[in-house]
Amino acid sequence: MMRFIFALFVALTANLVQAAGLDAISSGDAASGVREALAKGADYAVSSLGQQNGFLGNKKVKIPLPSPLDKAESALRMFGMGKQADQLVETMNHAAENAVAEARPILSDSIRKMTVQDAKGILTGGDDSVTQYFRRSSSEQLLVRFMPIVKASTAKLKLADQYNKFAGKAASAGLVDQKDADIDSYVANKAMDGLFLMIAEEEKKLRSNPLGAGSDLLKKVFGAL
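Residues numbered from 1 in each chain as written. Predicted model: local features only at pLDDT ≥ 70, side-chain atom pairs only at ≥ 80, totals over all residues. Heavy atoms only, no water.

### Points about the overall build of the chain
Part 1 of the argument: What the chain contains, in helices and strands, is ten helices and zero strands.
Part 2 of the argument: In the chain, the proportion of contacts linking residues at least 24 apart, taken out of those at least 6 apart, comes to 79%.
Part 3 of the argument: About 12,300 Å² of surface is accessible on the chain, with carbon and sulfur atoms providing 57% of the total. (Helix = DSSP H or I, 4+ residues; strand = E, 2+ residues; numbered from the N terminus. Contact = heavy atoms within 4.5 Å. Areas by Shrake-Rupley, 256 points an atom, 1.4 Å probe, with all protein chains shown as cover.)

### Some details on helix α2 (residues 27-49)
Two residues of an α-helix separated by three or four positions point the same way, owing to the 3.6 residues in each turn.
Part 1 of the argument: Across its 23 residues, α2 extends 33 Å between first and last C-alpha, which sits within 8% of the 33 Å expected from 1.5 Å per residue.
Part 2 of the argument: All of the buried residues in α2 are A30, A31, G33, V34, A37, L38, G41, A42, A45, V46 and L49. (Expected span 1.5 Å × (residues − 1). Buried < 20%, exposed > 50% of the residue type's maximum accessible area, 1.4 Å probe, protein only.)

### Some thoughts on the pattern of salt bridges
Part 1 of the argument: In the structure shown here, the tally under the stated rule is ten salt bridges.
Part 2 of the argument: Two residues, E201 and K60, come together in a salt bridge whose shortest N-O distance is 2.6 Å. Taken as a pair, E201 in helix α9 (residues 183-208) and K60 in the loop between α2 and α3 (70-78) lie far apart in primary sequence, 141 residues in all.
Part 3 of the argument: The class for E201 is partly exposed, based on a relative accessible area of 21%.
Part 4 of the argument: A salt bridge links K205 to E202; its shortest N-O distance comes to 3.2 Å. One end of the pair is K205 and the other is E202, both in helix α9 and three residues apart, which spans about a single turn.
Part 5 of the argument: Looking at E202, the relative accessible area reads 9%, which means it is buried. (Salt bridge = Lys/Arg side-chain N within 4 Å of Asp/Glu carboxyl O.)

### Quick word on the environment of D184
Part 1 of the argument: Among the secondary structure elements, D184 is positioned in helix α9.
Part 2 of the argument: According to the relative accessible area criterion, D184 is buried, its value standing at 8%.
Part 3 of the argument: Separated by 35 residues in sequence, D184 and I149 have C-alpha atoms that sit 9.2 Å apart.
Part 4 of the argument: Setting aside anything within four residues of it in sequence, one finds D184 in contact with M147, V150, K151 and T154.

### Re the side chain of S153
Part 1 of the argument: Relative to the helices and strands, S153 resides in helix α7 (residues 129-154).
Part 2 of the argument: Among the residues examined, S153 registers a relative accessible area of 14% and is labelled buried.
Part 3 of the argument: Contact partners of S153, with chain neighbours within four places excluded, come to T91, A95 and N98.

### As for unusual backbone geometry
Part 1 of the argument: A positive phi is found at N53, a non-glycine position, where the angle reads about 65°.
Part 2 of the argument: Positionally, N53 belongs in the loop between α2 and α3.

### Considering the confidence of the model for the chain
Part 1 of the argument: Overall, the predicted model of the chain reaches an average pLDDT of 78, with 68% of residues at or above 70.
Part 2 of the argument: Per-element mean pLDDT across the chain ranges from 39 in helix α1 (residues 2-23) up to 95 in helix α5 (residues 104-112). (pLDDT = per-residue confidence, 0-100.)

### Topic: the environment of E36
Part 1 of the argument: Summarising the element assignment, E36 is placed in helix α2.
Part 2 of the argument: Between the C-alpha atoms of E36 and I111, which are 75 residues apart in sequence, the distance is 8.9 Å.
Part 3 of the argument: With near-sequence residues (within four places) excluded, E36 lies in contact with S215, L217 and L218.

### Points about the environment of N53
Part 1 of the argument: Judged by its relative accessible area of 36%, N53 is partly exposed.
Part 2 of the argument: Separated by 37 residues in sequence, N53 and E90 place their C-alpha atoms 9.0 Å apart.
Part 3 of the argument: Apart from residues no more than four positions distant in its own chain, N53 is found in contact with N58, H94 and E97.

Below, the structure is given as structure tokens:
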């Protein structure tokens with residue numbers, strides 16, 4: 001019982017310290033700090049992924065064929081069609097790189113539209129609240145921007161048509177998610193997932209080590225959490 005009371009006391013004390021720290025920061029500084037954090041995460045993600053081999057060379061975000069279509073890739077290799085399999089995977093990943101390179105204006109617009117209430121929610125909403133804000137505010141626009149870019153890349157590869165036919169049948173049988181039954185939709189969604197994953201990584205670094213953020217404002221705002 002004494003251990004429980006002590007643990008509760010420590011938790012309450014930590015909450016009071018956090019609240020006091022945030023209360024000492026003006027709403028203007030808080031909002032500006034959050035905007036800077038959003039911009040930092042967006043720049044990092046777009047710069048990392050929107051370049052040659054940004055997806056293909058990063059195991060965390062490299063786009064594979066969706067299961068169970070990855071078995072079809074193995075079959076292609078068995079029948080001496082490894083080159084075609086590689087070409088499909090490379091095309092998907094390069095299409096994602098091209099798409100993410102165009103994400104910056106949309107993310108910047110989301111930052112511009114952020115309200116004071118949004119900023120408060122991001123600061124107190126948990127370790128991935130920056131990432132979740134971008135998901136809420138920009139996912140629809142990102143997909144609209146990504147789709148024609150992805151289509152232009154996959155259209156160059158006739159194997160993409162075979163993918164769509166095979167995946168469509170698999171989706172009808174309940175083996176593949178319907179949104180993955182079209183290669184362009186699959187790649188566009190994976191590109192967006194990769195973008196948010198990299199933003200989350202930058203957010204995690206900022207929250208775990210605000211003193212290393214390289215900005216006095218970020219140190220002040222996120223150091224108070």
